[in-house]
Amino acid sequence: MSHTLGIRQAQKQKTRQAFLDAALVLLEEQSLSSLGLREVTRAVGVAPTAFYRHFRSTADLGVALVDEALGSLHPMVRTTVSTTDDNDERIRRAIELIARHVDTHPAHVRFIARERHGGVQPVREAIQAQLARFAEEVRAELANDPQAEGWNDDDLLMLAHLYVDQMLSTASLFLEALDAPGEERERVVRLATRQLRLISVGRHHWLD
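Residues numbered from 1 in each chain as written. Predicted model: local features only at pLDDT ≥ 70, side-chain atom pairs only at ≥ 80, totals over all residues. Heavy atoms only, no water.

Q: Would you explain the packing of aromatic side chains in this entry?
A: The relation between two aromatic rings is expressed through the spacing of the ring centres and the mutual angle of the planes. Using the criterion set out here, one finds 5 aromatic pairs in the structure. Seen in terms of ring centroids, Phe19 and Phe51 are 5.5 Å apart; in terms of plane orientation they differ by 80°. Their pairing is edge-to-face. With Phe19 in helix α1 (residues 2-26) and Phe51 in helix α3 (residues 48-51), this residue pair connects regions lying 32 residues apart in the sequence. By relative accessible area, which is 0% here, Phe19 ends up buried. (Phe/Tyr/Trp six-rings, centres within 6.5 Å; stacked < 30°, edge-to-face > 60°. Helix = DSSP H or I, 4+ residues; strand = E, 2+ residues; numbered from the N terminus. Buried < 20%, exposed > 50% of the residue type's maximum accessible area, 1.4 Å probe, protein only.)

Q: For this particular structure, what's the right way to read the packing of helix α8 (residues 121-143) against helix α9 (residues 153-176)?
A: Packed helices, taken two at a time, are described by the angle between their axes plus the distance between the axes. Where α8 contacts α9, the two axes come as close as 8 Å, and the packing angle between them is 120°. Taken together, the axes of α8 and α9 are oblique relative to one another. When you trace α8 past α9, the crossing you get is right-handed. Of the residues in α9, those in contact with Leu131, Phe134, Ala135, Glu136, Val138, Arg139, Leu142 and Ala143 of α8 are Asp153, Leu156, Leu157, Leu159, Ala160, His161, Tyr163, Val164 and Leu168. In the contact of α8 with α9, the residues fall into 13 nonpolar, 1 polar and 3 charged. (Axes fitted to C-alpha atoms, helices over the stretch in contact; angles between N-to-C directions. Parallel < 35°, antiparallel > 145°, perpendicular 65-115°, else oblique. Left-handed = near helix turned anticlockwise from the far one by under 90°. Contact = heavy atoms within 4.5 Å. Nonpolar A, V, L, I, M, F, W, Y, C, P; charged D, E, K, R; others polar.)

Q: What is the right way to read the environment of Gln11 from this model?
A: Residue placement: Gln11 occurs in helix α1. Along the backbone, Gln11 and Arg56 are 45 residues apart, and their C-alpha atoms lie at a distance of 19 Å.

Q: Looking at this model, I keep getting lost on helix α6 (residues 87-104). Mind explaining?
A: Every α-helix carries 3.6 residues per turn, so stepping three or four residues along brings you back to the same face. Along its 18 residues, α6 runs 26 Å from first to last C-alpha, staying within 8% of the 26 Å computed at 1.5 Å per residue. Taken together, the buried positions of α6 are Arg90, Ile91, Arg93, Ala94, Ile95, Leu97, Ile98, Ala99, His101 and Val102. (Expected span 1.5 Å × (residues − 1).)

Q: Any chance you could explain a nonpolar patch on the surface here in plain terms?
A: Together, Met158, Trp206 and Leu207 make up a nonpolar patch on the protein surface, roughly 310 Å² of accessible area in all. The topology assignment puts Met158 in helix α9. Residue Met158 is classed as partly exposed on the basis of its relative accessible area of 42%. (Patch = residues over 30% accessible without salt bridge, like charges linked within 9 Å, V, L, I, M, F, W, Y side chains within 5 Å. Areas by Shrake-Rupley, 256 points an atom, 1.4 Å probe, with all protein chains shown as cover. Salt bridge = Lys/Arg side-chain N within 4 Å of Asp/Glu carboxyl O.)

Q: Can you walk me through the nonpolar core in this structure?
A: Soluble globular proteins: nonpolar side chains tend toward being buried together. Core analysis: the biggest nonpolar cluster contains 60 residues, and Leu61, Val66, Phe111, Val138 and Tyr163 have the highest contact counts within it. With 11 residues, the single largest contributor to this core is α9. Contacts of Tyr163, omitting those with residues within four sequence positions, involve Val81, Val138, Leu142, Leu196, Ile199, Ser200 and Arg203. (Core = buried A, V, L, I, M, F, W, Y, C linked by side-chain atoms within 4.5 Å.)

Q: Can you help me understand the packing of α6 against α9 in this one?
A: With their axes 9 Å apart at the nearest point, α6 and α9 run at an angle of 50° to one another. Overall, the two elements α6 and α9 adopt an arrangement that is oblique. Every pair of crossing elements has a handedness; the one defined by α6 and α9 is right-handed. Between α6 and α9, the residues in contact are Ile95, Ile98, Ala99 and Val102 and Met167, Thr170, Ala171, Phe174 and Leu175, respectively. In the contact of α6 with α9, the residues fall into 8 nonpolar, 1 polar and no charged.

Q: Teacher, can you tell me more about the pattern of salt bridges here?
A: Opposite charge on two side chains permits pairing when their charged atoms draw close. For the structure on display, the rule yields 14 salt bridges. Between Arg100 and Glu96 there is a salt bridge, and its shortest N-O distance comes to 3.1 Å. One end of the pair, Arg100, and the other, Glu96, are both in helix α6, 4 residues apart, so they sit about a helical turn from each other. In this structure Arg100 comes out as partly exposed when scored by relative accessible area, which is 44%.

The values are spatial; any link to function lies outside them.
As structure tokens, this is what we get:
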């Protein structure tokens, strides 16, 4: 009996993932607010009624995509700001990790960039909740840095939000340069490096 339930559960998870994968492909060319339920079920090859066994609505599907796109990034975000004596190395590593993620998951990055200010409120709120978690995790990492001595929690959180926003901005720039000539990618690296250095300079002198 348990074996049968295990097979059913695996099949259910497989179908749910198929909905997520199909939606992500369809969202390459449109926003979530314009995505139709029948469009998704047709891409998966199932009847429209099957959709409701996995999601309450396309907005619910979008929230699941947010979790898939951002949920696994928490360790990476913490790594980009982990304490190190070499600030340039920290910046280089951060940009390298962001570029690699965009190369590996361009559809996820495009979805977040588009829907962060999109027309589906539950998805906007889910993205903001994930970004708030990122900021809290970055704040906790920054608090371990000797440079944080004398900083209060509000200022550390403000700095953390600056880093998170910069990571998103850099990811969007790498996405735009995905199919561009190599020199455009190098331009993004140079720009992102200068922007992160500017944040670092401000951070260094904040308590002056």
